[in-house]
Amino acid sequence: MESSSNRLFSARDLIGFAVLIAIIFVVLPIALDGFRLNLFGKYLTYAFVAVGLVLCWGMGGILSLGQGVFFGLGGYCMAMFLKLEASTPENTSIQSTPGIPDFMDWNQLTALPAWWEPFNSLFITLIAVILVPVVFAFIIGVAMFRRRVGGVYFAIITQAFAAILTILIIGQQGFTGGVNGITDLRTLKGWDIRSEEAKEILYFVNGGLLIVCLVIAQYVRKSKLGRLLIAMRDQEDRVRFSGYDVASFKIFIFCLGAAFAAVGGAMFTLQVGFMSPTLVGIVPSIEMVIFCAVGGRLSILGAVYGALLVNWAKTSLSESFPELWLLGLGGLFIAVVMVFPNGLAGVYAEHVEPRLMALLGKSKAAAPDSAANETPAE
Amino acid sequence: MFSDYTMNELGAIFAMQGFAGLILFSVFVLMALGLAIIFGQMGVINMAHGEFMILGAYVTYLTSNLFADYLPSVFGLYFFVAMILAFIASGALGLFVEWVMIRHLYKRPLDTLLATWGLSLILQQVYRSVFGAREVGVSIPDWMMGSLPMTDMIEVPINGIFVMVLATGISLAVYFMMYRSSWGLQVRAISQNRMMADAVGINTAWTDRLTFGIGCGVAGVAGSAFTMIGSTGPTAGQLYIVDTFLVVVFGGAASLLGTIASAFSISQAQSIMEFFLSGSMAKVLTLLTVVGILMIRPQGLFTLKLRK
């Protein structure tokens, strides 16, 4: 354990990463048709949020019920750029004011609002996708963590933010597209994102970015910061008395989680072709937590599987038995808290892995590496 | 923004909006009282609180149908029976939920939050399967219809007054339970120091269960009262939950008076702004103000002085 903890990847981590990479880049593309692959591309965008939540919630003990806000802000930034590109004067010549997005025209706006202007540039947009949510997270984080607000209060306040942003987006129809969101997105710098091939390429871009995020998350886990986070989660005061600035670590990890969610949101917009307030509010935000919880709140790889599995179950169940889905999701929330607090990753580490090892003839127990950061104590 | 109105009209506007705010205030108080007991005293996050209210509303709906079918002569009185039934139904469900779920999670507040959210999803689906996805309304008894003219420009709806009276009554009842009964004494003792309460012989497990049950029962009564001013749908409970939590947190979690004061300020701010801005902007501004104040003063308006 001591020797492996200094390296970025232990052998177990490497195998885990390799299996995930194989699944995302080889198994799924071969096994699924274009339509299903696009759906899994959408699920992958949620996995970004789930990975961020593992860092914030599983390791840091900060439960944010407002990840949808960051997902949404990232997604809206991207959607604004794509919408402006789609709203050329030629495309919108039937409007009373050509050259502005259609929903603005429907709401009697005659000029593009000033804060939309920067989103004409892809470069600024890409920066904004990360920067806007991170700055927002930073403000919330500074205000809350400096005053030592945490736990359930933090959860409720972040949930309030999710509610506020949704109401704001729906209310300001002329500026935001209202409840329909920003739809009818066509091209990215002239590249048609609606075609089958584009969706497939975006799926691979998604997978690649997700792996990058996972490596960053792995780095955080293995660094001193990661160990401090777990220490803070379990005994915040002792860490503070040891001379560490607890609030700064919390703010950093919250911002990092927000950045992951924002990347996911921007990729969602590209992959699915729209962004709407239904992805921002309280319900999606808390669903994102369940992706993470199902996968295992302490396992970054587990979170990816959690996001994929829950969403896949949601799609297939609500296709055939829509009334069962809510019951299933509700049951999942309860089960994952009461029966499997460590989610799929916990089940794997406890039951599957030892047998797998035994099967492979290795007597080496798998426990030590996992014991370092298991059992969430709250 | 005031120049378009005469002084007289402006006065009437403020009076009417103020009254609308008072009704909203009563609604908030009713919603928040149950939560103030459960969250404020026990520290349990019950995300299914809205669904307990809706259960009370559906019980009222069923009672009104029963009275209309079998006891039409005393239909005007059904509401009082319904309120008691709503309290019993929601309270019983609360006791059950505490026994099955909550008592295992007292040490993990964040997990309670997720589990009760799951419960709320299940309850929503149950309501949808049993009562249908469409909203149902109860038939309001005749004596509650119409409105009272106060002056020639100001008139107030009777059902609004009724809800206000009800909110006052239930607040008083909760106050007496919390501060004048032995149960209330035990609850407060436990919330201040669980170990000591246990040591002096208070049955903490049973008190916890009873507290949760009573909190849910109060939610049921609140839901019952809501049928007088609006219709009930399976997902209506979820709309209230953020408001309700903010009211309780803003008031200072352990203080009943704080809950009422915060319900008053939030509802008045919202209803007065609603007249001049669009409804959604009024809501956004109110919530932002509340969240902003909470960031500066996280302990809420009123705090209990406690030696930790």
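Residues numbered from 1 in each chain as written. Chains lettered and ligands numbered in written order. Predicted model: local features only at pLDDT ≥ 70, side-chain atom pairs only at ≥ 80, totals over all residues. Heavy atoms only, no water.

S.K.: Just to check I follow, could you spell out the packing of helix H13 (residues 282-295) of chain A against helix H16 (residues 343-359) of chain A for this structure?
M.R.: For any two helices packed against each other, the geometry comes down to the angle between their axes and how far apart the axes lie. Residues and elements named next belong to chain A. At a closest axis distance of 2 Å, the pairing of H13 and H16 adopts a crossing angle of 0 degrees. Taken as axis vectors, H13 and H16 run roughly parallel relative to one another. Only Gly-343, Leu-344 and Ala-345 of H16 make contact with H13, whose side of the interface consists of Ala-293, Val-294 and Gly-295. By residue class, the composition of the contact of H13 with H16 is 4 nonpolar, 2 polar and no charged. (Axes fitted to C-alpha atoms, helices over the stretch in contact; angles between N-to-C directions. Helix = DSSP H or I, 4+ residues; strand = E, 2+ residues; numbered from the N terminus. Parallel < 35°, antiparallel > 145°, perpendicular 65-115°, else oblique. Contact = heavy atoms within 4.5 Å. Nonpolar A, V, L, I, M, F, W, Y, C, P; charged D, E, K, R; others polar.)

S.K.: Explain a nonpolar patch on the surface here, please?
M.R.: Residue and element names in this part refer to chain A. Together, Phe-123, Ile-124, Ile-127, Leu-131, Val-135, Phe-138 and Ile-139 make up a nonpolar patch on the protein surface, roughly 670 Å² of accessible area in all. On the secondary structure map, Leu-131 appears in helix H6 (residues 122-145). Classification of Leu-131 by relative accessible area gives partly exposed; the value is 46%. (Patch = residues over 30% accessible without salt bridge, like charges linked within 9 Å, V, L, I, M, F, W, Y side chains within 5 Å. Areas by Shrake-Rupley, 256 points an atom, 1.4 Å probe, with all protein chains shown as cover. Salt bridge = Lys/Arg side-chain N within 4 Å of Asp/Glu carboxyl O. Buried < 20%, exposed > 50% of the residue type's maximum accessible area, 1.4 Å probe, protein only.)

S.K.: Honestly, helix H10 (residues 256-276) of chain B in this entry has me stumped. Any pointers?
M.R.: All names here are of chain B. Here H10 spans 31 Å end to end across 21 residues, near enough to the 30 Å set by a 1.5 Å rise per residue. Within the span of H10, buried status applies to Leu-256, Gly-258, Thr-259, Ser-262, Ala-263, Ile-266, Ser-267, Gln-268, Gln-270 and Ser-271. Those residues of H10 that are buried lie in contact with helix H1 (7-42), helix H5 (158-180), helix H9 (236-251) and helix H11 (279-296). (Expected span 1.5 Å × (residues − 1).)

S.K.: Looking at this structure, I do not really get the UniProt feature "transmembrane region" (unreviewed entry) in chain A. What am I missing?
M.R.: Residues and elements named next belong to chain A. Feature annotation in UniProt places "transmembrane region" (unreviewed entry) on residues 14-32, 44-66, 122-145, 152-171, 201-220, 241-268, 288-312 and 324-349, given in this structure's numbering. With 86% helix and 0% strand, the stretch residues 241-268 has end C-alpha atoms that lie 42 Å from each other. Taken as a whole, residues 324-349 contains 85% helix and 0% strand, while its terminal C-alpha atoms sit 30 Å from one another. (UniProt positions renumbered as here; feature names shortened; annotations may be inferred.)

S.K.: Any chance you could explain the nonpolar core here in plain terms?
M.R.: Side chains of nonpolar character tend, in soluble globular proteins, to be buried together. The biggest cluster of nonpolar side chains holds 207 residues, and the ones touching the most others in it are Leu-210, Leu-214 and Ile-290 of chain A together with Phe-39 of chain B. Counting residues per element, this core draws most heavily on helix H3 (residues 34-59) of chain A, which supplies 17 residues. (Core = buried A, V, L, I, M, F, W, Y, C linked by side-chain atoms within 4.5 Å.)

S.K.: I'm lost on the UniProt feature "transmembrane region" (unreviewed entry) in chain B in this one. Help?
M.R.: UniProt's feature table lists "transmembrane region" (unreviewed entry) at residues 12-40, 52-71, 77-97, 158-178, 210-229, 241-263 and 275-296 of chain B, given in the numbering used throughout. Between the end C-alpha atoms of residues 210-229 of chain B the distance is 30 Å, and the span holds 85% helix and 0% strand.

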